[in-house]
Amino acid sequence: MLSYLLSYVAECMRLGQMPSWCAGVHALSWAATVQPLPLGLLLTTGLAAPRPAGRADLDVLMDVLERELVGAGGAVRLLLMSDGGIDHACQKRWQTWRARFALDIRAVALGADASRLALEALAGKGALYGAEEIGAALHDWASPQAAPRSLAETVAALVVDCAADDWQ
């Protein structure tokens, strides 16, 4: 998923049509430790994105993000791509921690075994997307006046609208 996202950003750079949400982007690889990804190098050389592995430590991520957020001074957007394998106690610590910051989070559930409940607890209601909906997650940031809406909700709304029309 990260490779697809990097490919999209690289193509926008090549065309000179960088979306506003790309300004100031930092990429982090997160598991037992958090490592900054060489985003510029990944975008310009086409290096392979790191492969996910191991158990993610949310406390380590909170420590790294807190250092970044304290320096940012304003609202920060966080695209969290994970399978959501996070225990309940850690989710509670995350919720307490994130309440201290102006975070606009979108979570993308990766893999068939992704814990959607855990990811929604991390991101907040209405901010969870399936991997196939990453475009909708990014579009929601580009259109802040619109409430976050998943692809499934959009299709459901269209089906209801179409059912109300007289197609005969």
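Conventions and cut-offs
- Residues numbered from 1 in each chain as written.
- Predicted model: local features only at pLDDT ≥ 70, side-chain atom pairs only at ≥ 80, totals over all residues.
- Heavy atoms only, no water.
- Helix = DSSP H or I, 4+ residues; strand = E, 2+ residues; numbered from the N terminus.
- Expected span 1.5 Å × (residues − 1).
- Buried < 20%, exposed > 50% of the residue type's maximum accessible area, 1.4 Å probe, protein only.
- Arc of directions from axis to C-beta.
- Pairing = 2+ DSSP bridges.
- Axes fitted to C-alpha atoms, helices over the stretch in contact; angles between N-to-C directions.
- Contact = heavy atoms within 4.5 Å.
- Salt bridge = Lys/Arg side-chain N within 4 Å of Asp/Glu carboxyl O.
- Parallel < 35°, antiparallel > 145°, perpendicular 65-115°, else oblique.
- Left-handed = near helix turned anticlockwise from the far one by under 90°.
- Nonpolar A, V, L, I, M, F, W, Y, C, P; charged D, E, K, R; others polar.

**Considering helix α1 (residues 2–15)**
Point 1. In this model α1 runs 20 Å from its N-terminal to its C-terminal C-alpha over 14 residues, within 8% of the 20 Å that 1.5 Å per residue would give.
Point 2. Listing the buried residues of α1 in full gives L5, L6, V9 and C12. For α1, the angular spread of the buried residues around the axis is 120 degrees, confining them to a single face. Those residues of α1 that are exposed and aimed more than 90 degrees away from the buried face are Y4 and R14.
Point 3. Just past α1, the residue G16 takes up positive phi, approximately 70 degrees.

**Description of the sheet that holds strand β5 (residues 128–130)**
Point 1. A sheet is described by the order of its strands in space; here 3 strands give the open sequence β3-β4-β5, paired in parallel fashion. Bordering the open sheet on either side are β3 (76–82) and β5, each of which pairs with just one other strand. In this sheet, neighbouring strand axes are inclined to one another by 25 degrees on average, regardless of whether the strands run parallel or antiparallel.
Point 2. Here β3 pairs with strand β4 (residues 103–109) via 7 bridges, running parallel. By the bridge assignment for β4, L78 is matched with I105.
Point 3. Packed on one face of the sheet, helix α5 (residues 116–123) meets β3, β4 and β5 and runs near 165 degrees to β4.

**Re the pattern of salt bridges**
Point 1. Evaluated as defined, the whole model comprises 3 salt bridges.
Point 2. Put simply, R100 and E66 hold a salt bridge, and the shortest N to O gap is 2.5 Å. One end of the pair, R100, is in the loop between α4 (88–98) and β4; the other, E66, is in helix α3 (residues 58–72), with 34 residues separating them in the sequence.

**Structural notes on the packing of α4 against α5**
Point 1. Between α4 and α5, the shortest axis-to-axis distance is 9 Å and the interhelical angle comes to 20 degrees. Relative to α5, the element α4 is oriented roughly parallel. The two elements α4 and α5 cross, and the hand of that crossing is right-handed. Residues Q91, W94, Q95 and R98 of α4 form the contact with α5, whose participating residues are A118, A121, L122 and A123.
Point 2. In terms of residue class, the contact of α4 with α5 is made up of 5 nonpolar, 2 polar and 1 charged.

**Considering the environment of I105**
Point 1. Tracing the sequence through the fold places I105 in strand β4.
Point 2. Sequence separation of I105 and L79 is 26 residues, and the distance between their C-alpha atoms is 6.0 Å.
Point 3. Among residues more than four places away in sequence, those in contact with I105 are L78, W94, R98, L122, A123 and A127.

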